[in-house]
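What the coordinates show
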Amino acid sequence: EGEEEHKLKDPRGIATNSSGQFIVGHINVLKMFGSSGQFIKDISIPNDDVETKLYIIDVATDNKDYIYVLVGYEKEPGSGGFVVYEFSNTADLHHKFAVGKDWYRLTVNNSKVLLLSWSRVAVYETDGRFVRLFGEGKLPGVRDITAVSDGRVMVVGWNSSCVHIFSEDGDYLNSFELQGHYINPSIAFHQASEHVVIAGTEESRTGSDLLRVEIFTKDGEFVRSTQIPEVGSYHMYANGMTVTKDGRIAVLLRDDLGFNYKSKVLVI
């Protein structure tokens, strides 16, 4: 909520910091909001070439409140790539590094940047050095990724009722079943409780979307689930969930009605 120029039209990625503030990717800038949703400031993504189009794909933060942004770039149709930008906790740019193509999600843990594509995960040091690639041949089409406090990595599929677990070294460990089946689920890890949070929309018998949040331990044991029927025609459509330090869950939603869709952040 707020002044018209600060409303979210096409948000891509949401993260939070230790102060409970929200950082949302919005076209080619980051928008920072306070814990109650008030606009604080814009953070620009530096662009050295005015002819190159930049577009934010996803956002993540680490335990030092550094901000990592996955950015796509295109100078001519069909050509371009992806870059990760690292900003300090005061929003100063530290550095950036190229990461190839076709990544659409990222998370950060233990001084590593993890990138997700349709069927694989790439691991980089925060200084840009490539570490490893894993998951090829073992993952179906996957939707979102999170890193757990002990270094394990969890991914959830696009059309899925299952979460897959990998070791820090990329070895496949096991999986656990969700209570529901979701088309576009998101997954996040809450450090304080060491709980894994999954949110997704599922179609109800009335035809409207219902948002469900499921919570598990980091070992995959079911804790609880909550259904949020008030979302109406809003649904999860893209990169879209974070959990604050005090346990609030913020979900990106979009009302996909024609070309004049509206987006919002729902905080639970």
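Residues numbered from 1 in each chain as written. Predicted model: local features only at pLDDT ≥ 70, side-chain atom pairs only at ≥ 80, totals over all residues. Heavy atoms only, no water.

**A short note on the sheet that holds strand 15 (residues 160-166)**
The condition is simple: When DSSP locates at least two bridges between a pair of strands, those strands are taken to pair. Numbering goes from the N terminus for both helices and strands, where a helix is a DSSP run of H or I of at least four residues and a strand is a run of E of at least two. The axes are straight lines fitted to the C-alpha atoms, using for helices just the contacting stretch, and the angles between their N-to-C directions are given from 0 to 180°.
Taking strand neighbours across the sheet as the criterion, the 4 strands line up as 13-14-15-16 in an open arrangement whose pairing is antiparallel. The open sheet is flanked by strand 13 (142-147) and strand 16 (172-182), the only strands paired with a single partner. Neighbour-to-neighbour, the strand axes of this sheet turn through a mean angle of 20°, independent of strand direction. Here strand 14 (residues 153-157) pairs with strand 15 via 4 bridges, running antiparallel.

**A closer look at the layout of surface pockets**
Put simply, the rule is: Of the two site types, the cavity is a set of points on a 1 Å grid over the protein atoms alone where a 1.4 Å probe fits but cannot get out, and the pocket is an open set with protein on both sides within 12 Å along at least five of seven lines, each lined by residues with an atom within 4 Å of a point. Grid points are joined across faces, edges and corners, and a volume is the space filled by probe spheres set on the points. In the scheme used here, Gly and all other residues not listed as nonpolar or charged are polar, with Ala, Val, Leu, Ile, Met, Phe, Trp, Tyr, Cys and Pro taken as nonpolar and Asp, Glu, Lys and Arg as charged.
Of the voids in this model, the largest pocket is the one considered here, and its volume is about 920 Å³. Lining of the largest pocket is provided by 38 residues; of these, Thr61, Asp62, Asn63, Val108 and Gln191 occupy positions nearest its centre. For the lining of the largest pocket, the secondary structure elements donating two or more residues are strand 1 (11-16), strand 5 (53-61), strand 9 (105-109), strand 13, strand 17 (186-190) and strand 22 (241-243). Of all the elements, strand 9 adds the most residues to the lining of the largest pocket, at 5 residues. By residue class, the composition of the lining of the largest pocket is 16 nonpolar, 15 polar and 7 charged.

**Examining unusual backbone geometry**
With phi around 70°, alanine 91 is a residue other than glycine that occupies positive phi space. Along the chain, alanine 91 turns up in the loop between strand 7 (81-87) and strand 8 (93-98). One non-glycine residue with positive phi stands out, namely aspartate 102, at about 75°. Relative to the assigned elements, aspartate 102 resides in the loop between strand 8 and strand 9.

**Quick look at the sheet that holds strand 5**
Pairing is antiparallel in the open sheet, where 4 strands are placed in the order 5-6-7-8. Among the strands making up the open sheet, the edge pair consists of strand 5 and strand 8. Averaged over neighbouring strand pairs, the angle between their axes works out to 25° when direction is ignored. Pairing of strand 6 (residues 67-74) with strand 7 involves 7 bridges; the strand directions are antiparallel. Paired with leucine 70 across the strands is valine 84, a residue of strand 7.

As far as function goes, none of this settles anything; it's purely spatial.
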